[in-house]
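Given next are the chains, with one letter for each unit.
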Amino acid sequence: MRGLVAIFDKELADYLISWRGIILFAVALLVTVVAIYGPAGALVNIREQLGEPTQFGQTQFVFLNLFTTSGEGSYAFLFFITMFIVPIVGIVLGFDAINREKNSGTLSRLLSQPIYRDTVFNGKFLAGIVTMAIMLTSVVLLVAGLGMRSIGVPPSSEEALRLFLFLALTTLYGSFWLGLSMLFSVLFERVATSAMASIAIWIFFLLYTLTGFIPNAVANMRVPLSDTPATQELIRYATVQIAATRVSPIYLFQEAMYVLLAPGTRTATEYLQIYASGAEWQPGPLPLSQTMITIWPHLVTFVAIAAVFFGVSYYRFTREEIRST
Amino acid sequence: MFIVETKDLTKKYGRITAVDGLNLRIEEGDIFGFLGPNGAGKTTTILMLLGLTEPTSGSAYVAGHNATREPLEVKSITGYIPEKVGFYEDLTAAQNLVYTARLNGLSDGLANKRAAEALDIVGLPRAAERNVSEFSRGMKQRLAVADILIKQPKIAIMDEPTSGIDPEGIVQVLDLIAKIAKETNMTIVMSSHQLYQVQRICNRVGILMDGRLVAEGLLEELSREAMGGVQFRIEIKLTEITQAIVEAIKQISGVLSVEQSPSGLTINCSEDLRPQIAKKIVDTGGLMVEMKIQSYALEDIYLKYFREG
């Protein structure tokens with residue numbers, strides 16, 4: 001990979017030193033602090049939980065509650081990260097990666113150097129991932145540090161491991177958005193168009209996830225409910241609804257991360273199975289290995305979608321005519 | 001061996017043929033002027049030489065490497081200045097050059113050294129630490145020349161290197177190119193639709209029209225061939241034109257034809273015959289008011305091809 005290091009170095013410096021990078025960091029930190037230290041923040045809830053009796057060993061994951069619990073009038077950190085921060089950061093880092101260089105006439109010069117075209121793409125992509133990793137790590141460490149001071153409970157080794165996995169997987173999730181916006185920067189000539197296209201997709205899935213309007217409509221169409229639906233009917237309805245909701249990458253990732261950070265929760269499918277079996281038990285926390293098995297399909301789906309983005313970008317970019325006008 | 005050779009190079013965009021069976025040969029050490037009006041296919045040809053676009057059929061070779069199949073080999077020995085050359089505006093001139101050097105696999109130390117040298121050669125040593133956003137168009141063009149010097153290529157391909165800069169800047173850039181060609185023995189291919197610029201520095205020209213090469217060769221050869229040996233046109237004004245004067249001028253060796261018009265005479269000749277003509281007129285008793293000489297510039301050849309289309 002000739003020239004990869006040179007491109008990576010330059011792009012990383014661009015991201016970290018430019019106004020774009022500084023603003024992104026500032027926004028991410030601000031949102032984090034608001035999420036944790038909001039007026040009626042999560043900390044109050046967690047402190048209350050500390051006093052409650054232990055049930056199914058829940059308290060052993062108290063520290064992770066910092067990331068999954070929401071306070072009154074604010075959202076949980078995990079919700080913020082998956083819904084807003086990571087998609088926005090991914091889009092902002094990638095939406096003009098290729099077409100800006102095309103418009104400013106630097107791409108012609110760049111591609112007349114003895115490097116492969118995909119090296120340009122890979123170098124930019126890697127720099128974006130590293131920028132996101134740095135950013136997410138600092139945000140998570142900040143929350144962990146502030147949280148530790150406030151609740152006075154250090155993370156157990158398993159919690160630390162889960163947090164590390166969370167960081168790695170969130171970076172993967174971010175690279176999905178980065179890959180999407182970079183694909184648009186290859187497909188569209190104008191920077192404004194690629195930015196709008198990426199943002200449109202994000203807002204679409206944001207509303208798709210938040211309102212649940214489309215999944216409900218799909219479920220109503222596939223399994224029309226009678227006035228007094230039988231249990232079996234309801235389960236079929238819910239199955240379709242869950243499948244439709246998972247079309248949204250935001251929901252898909254969020255679900256996986258709740259299972260990872262709140263070991264007492266399950267995926268929607270499993271809750272449905274518990275309900276269907278008629279059992280009256282509350283699920284206890286899962287060991288890490290079982291958590292990973294549970295969320296494995298989610299992660300594979302992400303890698304697959306990202307691979308498709310990459311494939312299309314490569315195909316278009318390596319065959320394109322590079323004219324400097 | 002030819003450093004640039006194309007074999008029936010063709011590029012079609014849908015129904016439009018931009019380059020049509022081009023067979024171009026450029027020898028090592030040439031300063032080749034690639035002439036043609038806008039839309040003649042100059043840029044498309046250059047893009048194919050660099051592997052930046054694929055030919056529809058035919059092939060292009062640079063120093064024996066197929067530009068489509070071995071683009072990296074071609075790019076490592078070729079410097080390219082695109083028509084609208086751009087630099088990273090938020091980086092300094094030196095940083096831009098060092099980036100290019102690193103992409104060419106140069107070590108950091110060597111990259112810095114070469115960047116400083118290149119900026120010296122193009123006359124921008126004091127601008128090294130300034131952001132490119134502060135540069136004028138002419139300075140950017142000179143920086144582009146430095147950008148190709150840094151990789152020390154065998155051949156430099158420049159697409160309209162003088163477009164969009166002021167007359168003084170044009171002269172600077174052209175002289176710079178000529179100086180580099182002379183000092184480094186680099187082959188230079190320069191495309192332009194401005195004739196006098198090509199004339200100023202090039203020794204060979206190719207004229208491209210609608211994707212075809214209509215003329216190619218040494219500058220003098222070409223004009224001789226195209227204009228049937230006519231090199232100079234001398235226009236004279238006399239107080240009175242007599243047949244004796246016309247006959248006398250016709251007899252001077254080297255005069256090819258004499259045309260008579262109400263205002264004076266137009267003489268086509270193969271060399272500069274002003275002294276002889278003046279003497280003949282005085283000897284024949286004529287009174288000359290004015291004498292103008294015009295050398296047949298490439299422009300006439302160019303326009304001739306233009307009209308014949």
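Per-chain numbering applies: the sequence of each chain, read as written, is numbered from 1 onward. By the order in which they are written, chains take letters starting at A while ligands take numbers starting at 1. Where totals are concerned, whole chains, interfaces and linings use all residues; where local detail is concerned, this predicted model gives features only for residues with pLDDT of at least 70, and gives and counts side-chain atom pairs only at 80 or more. As a rule here, side-chain values cover all heavy atoms of the structure and leave hydrogens and water aside.

### A look at the overall build of chain A
Piece 1. Scanning chain A from terminus to terminus reveals 15 helices and 0 strands.
Piece 2. The cut-offs for exposure are 20% and 50% of the maximum accessible area for each residue type, with area from a 1.4 Å probe on protein chains only; residues under the lower value are buried, those over the upper are exposed, and the others partly exposed. The proportion of buried residues among the 325 residues of chain A is 51%.
Piece 3. With an accessible surface of roughly 14,700 Å², chain A has 67% of that area assigned to carbon and sulfur atoms. Labels follow the DSSP assignment, with helices taken as runs of H or I lasting at least four residues and strands as runs of E lasting at least two, numbered in each case from the N terminus. Here the Shrake-Rupley method, with its probe set to 1.4 Å, supplies the accessible areas, and only the displayed protein chains count as covering residues.

### A few points about the overall build of chain B
Piece 1. Scanning chain B from terminus to terminus reveals 11 helices and 15 strands.
Piece 2. Along the first, second and third principal axes, the C-alpha set of chain B runs to 75 × 45 × 35 Å.
Piece 3. Relative to its 309 residues, chain B shows a buried fraction of 53%.
Piece 4. Two residues qualify as a contact provided that any one of their heavy atoms is within 4.5 Å of a heavy atom in the partner residue. Put simply, of all contacts in chain B between residues at least 6 apart along the chain, 68% involve residues at least 24 apart.
Piece 5. Surface summary for chain B: the accessible area is close to 14,000 Å², and the carbon and sulfur share equals 46%.

### Structural notes on the confidence of the model for chain A
Reading fine detail from the predicted coordinates is not recommended where pLDDT is low.
Piece 1. Here pLDDT means the predictor's own confidence in every residue, given as a number from 0 to 100. Counting all residues, the mean pLDDT for chain A is 85, and 90% of those residues have values of 70 or more.
Piece 2. Confidence scores differ between elements of chain A, with helix α3 (residues 42-51) of chain A showing the lowest mean pLDDT of 63 and helix α10 (residues 191-211) of chain A the highest of 95.

### What about the interface of chain B and chain A?
Frequently, the measure chosen for interface size is the accessible area removed from exposure when the parts meet.
Piece 1. Counting from both sides, the interface comprises 30 residues of chain B and, opposite them, 28 residues of chain A.
Piece 2. Overall, the association of chain B and chain A removes approximately 2,600 Å² of surface from exposure, summing both partners, and the carbon and sulfur fraction of that is 54%.
Piece 3. Of all residues in chain B, L72, Y88 and L103 of chain B bury the most surface against chain A, accounting for 26% of the area lost on that side.
Piece 4. Any carboxyl oxygen of Asp or Glu that lies within 4 Å of a side-chain nitrogen of Lys or Arg is treated as forming a salt bridge with it. Note that D9 of chain A is salt-bridged to R102 of chain B, the shortest N-O span being 3.1 Å.
Piece 5. Two N or O atoms count as a polar contact when they lie within 3.5 Å, although within protein this holds only if one can serve as hydrogen donor and the other as acceptor, and sequence-adjacent residues are included solely when both atoms are side-chain atoms. Where chain B meets chain A, there are 16 residue pairs in polar contact (both at pLDDT 80 or more).
Piece 6. Among the elements of the structure, β1 (2-13), α1 (42-49), α2 (71-77), β7 (78-81) and α3 (93-103) of chain B are those that each provide at least two residues to the side of chain B that touches chain A.
Piece 7. Any residue that is not Ala, Val, Leu, Ile, Met, Phe, Trp, Tyr, Cys, Pro, Asp, Glu, Lys or Arg is counted as polar, Gly included; the first ten are nonpolar and the last four charged. Residue composition of the side of chain B that touches chain A, grouped by class: 12 nonpolar, 10 polar and 8 charged. Accessible area that two parts lose when put together, with a 1.4 Å probe and added across both, is what the buried area reports.

### Description of a nonpolar patch on the surface
Piece 1. On the surface, W19, I22, I23 and V27 of chain A cluster together into a nonpolar patch covering about 440 Å² of accessible area.
Piece 2. As for its position among the elements, I23 of chain A is in helix α2 (residues 19-37). Like-charged residues within 9 Å of one another, or nonpolar side chains (Val, Leu, Ile, Met, Phe, Trp, Tyr) within 5 Å, are grouped into patches, provided each residue has over 30% relative accessible area and no salt bridge.

### Some thoughts on the sheet that holds strand β11 (residues 212-218) of chain B
Each strand in a sheet pairs with its neighbour through backbone hydrogen bonds, running either in the same direction (parallel) or in the opposite one (antiparallel).
All names here are of chain B.
Piece 1. Pairing between two strands requires that DSSP report at least two bridges joining them. Taken together, the 6 strands give an open sheet; going across it, the order is β7-β8-β9-β4-β10-β11, and neighbouring strands pair in mixed fashion. Two strands close off the open sheet at either side, each with one partner strand: β7 and β11. Pairs of neighbouring strands in the sheet enclose a mean axial angle of 15 degrees, with direction left out of account.
Piece 2. For β7 and strand β8 (residues 155-159), the ladder comprises 4 bridges, and the chain directions are parallel. Each bridged residue has a counterpart across the sheet, and for T78 the counterpart in β8 is I155.
Piece 3. Angles run from 0 to 180 degrees between N-to-C directions of axes, and those axes are lines fitted to C-alpha atoms, restricted for helices to the stretch in contact. This element, helix α6 (residues 167-184), spans β4 (31-35), β8 and β9 (187-192) of the sheet and lies at about 155 degrees to β9.

### Concerning the packing of helix α4 (residues 108-121) of chain B against helix α5 (residues 137-149) of chain B
All names here are of chain B.
Piece 1. With their axes 9 Å apart at the nearest point, α4 and α5 run at an angle of 140 degrees to one another. Comparing the axis directions of α4 and α5 gives the class oblique. Judged by the twist between their axes, the crossing of α4 over α5 is right-handed. Packed against α4, whose contacting residues are A118, L119 and I121, the element α5 presents L143, A146 and L149 at the interface.
Piece 2. Residue classes in the contact of α4 with α5 are distributed as 6 nonpolar, no polar and no charged. For classification, angles of less than 35 degrees are called roughly parallel, those exceeding 145 degrees roughly antiparallel, those between 65 and 115 degrees roughly perpendicular, and all remaining angles oblique. Working rule for handedness: look at the near helix, and if it is turned counterclockwise from the far one by less than a right angle, call the crossing left-handed; if clockwise, right-handed.

### So, the pattern of salt bridges
Residue and element names in this part refer to chain A.
Piece 1. Enumeration according to the criterion identifies 26 salt bridges over all chains in this entry.
Piece 2. One salt bridge connects D96 with R20, and the closest N-O pair in it is separated by 2.9 Å. In this pair, D96 sits in the loop between α5 (77-94) and α6 (99-103) while R20 sits in helix α2, placing the two residues 76 residues apart along the sequence.
Piece 3. Several salt bridges share partner residues, and in doing so they unite K10, E11, D14, E101 and K124 into one network.

### Things to note about helix α8 (residues 117-151) of chain A
Piece 1. Helix span, as expected, comes to 1.5 Å for every residue beyond the first. In a regular helix each residue adds 1.5 Å, so 35 residues correspond to 51 Å; α8 of chain A covers 51 Å between its end C-alpha atoms and thus fits that length.
Piece 2. Looking one or two residues past α8 of chain A, G152 of chain A carries a phi angle of roughly 70 degrees, positive in sign.

### Focus on the environment of I295 of chain A
Residues and elements named next belong to chain A.
Piece 1. Mapped onto the elements of the fold, I295 is located in helix α15 (residues 288-319).
Piece 2. The class of I295 is buried, set by a relative accessible area of 0%.
Piece 3. For the pair I295 and R266, spaced 29 residues apart in sequence, the C-alpha to C-alpha distance is 9.6 Å.
Piece 4. Those residues in contact with I295, other than ones at most four positions away along the chain, are L169, A256, V259 and L260.

### Comments concerning the packing of aromatic side chains
Aromatic ring pairs: the centre-centre distance and the angle between the two ring planes describe each pair.
Residues and elements named next belong to chain A.
Piece 1. Between 30 and 60 degrees the pair is tilted, below 30 it is stacked and above 60 it is edge-to-face, where a pair is any two Phe, Tyr or Trp rings, Trp via its six-membered ring, whose centres lie within 6.5 Å. Per the stated rule, a full pass over the model turns up 23 aromatic pairs over all chains.
Piece 2. Here the aromatic rings of F176 and F302 are separated by 5.2 Å at their centres, their planes lie at 80 degrees, and the arrangement is edge-to-face. Of this pair, F176 sits in helix α9 (residues 157-187) while F302 sits in helix α15, placing them 126 residues apart in sequence.
Piece 3. Classification of F176 by relative accessible area gives buried; the value is 5%.
Piece 4. Owing to a relative accessible area of 2%, F302 belongs among the buried residues under this scheme.

### Things to note about the domain arrangement of chain B
Piece 1. All domain edges in this entry derive from an automatic or database-based domain assignment. Taken domain by domain, chain B consists of domain 1 (2-224) and domain 2 (227-308).
Piece 2. Taking only C-alpha atoms, the centre of domain 1 of chain B and the centre of domain 2 of chain B are 40 Å apart.

### With respect to the nonpolar core
Piece 1. Counting 114 residues, the largest nonpolar core has F67, F77, F166 and W177 of chain A as the members making the most contacts within it.
Piece 2. When residues in this core are grouped by element, the largest group, 13 residues, is from α9 of chain A.
Piece 3. Formed by 53 residues, the second largest nonpolar core is a distinct cluster that contains F87, A115, C202 and Y302 of chain B. We call a set of buried residues a nonpolar core when its members are Ala, Val, Leu, Ile, Met, Phe, Trp, Tyr or Cys and they connect through side-chain atoms within 4.5 Å of each other.

### A closer look at the packing of α10 of chain A against helix α13 (residues 249-261) of chain A
A pair of packed helices is captured by two measures, namely the crossing angle of their axes and the spacing between those axes.
Residues and elements named next belong to chain A.
Piece 1. At a closest axis distance of 8 Å, the pairing of α10 and α13 adopts a crossing angle of 60 degrees. Taken together, the axes of α10 and α13 lie oblique to each other. Counted together, W202, F205, L206 and T209 of α10 and P249, I250 and Y251 of α13 form the full contact between these two elements.

### Here we look at the side chain of K102 of chain A
Piece 1. With respect to the helices and strands, the residue K102 of chain A is situated in helix α6.
Piece 2. Among all residues touching K102 of chain A, those that are not within four sequence positions of it are L107, V186, E189 and E320 of chain A.

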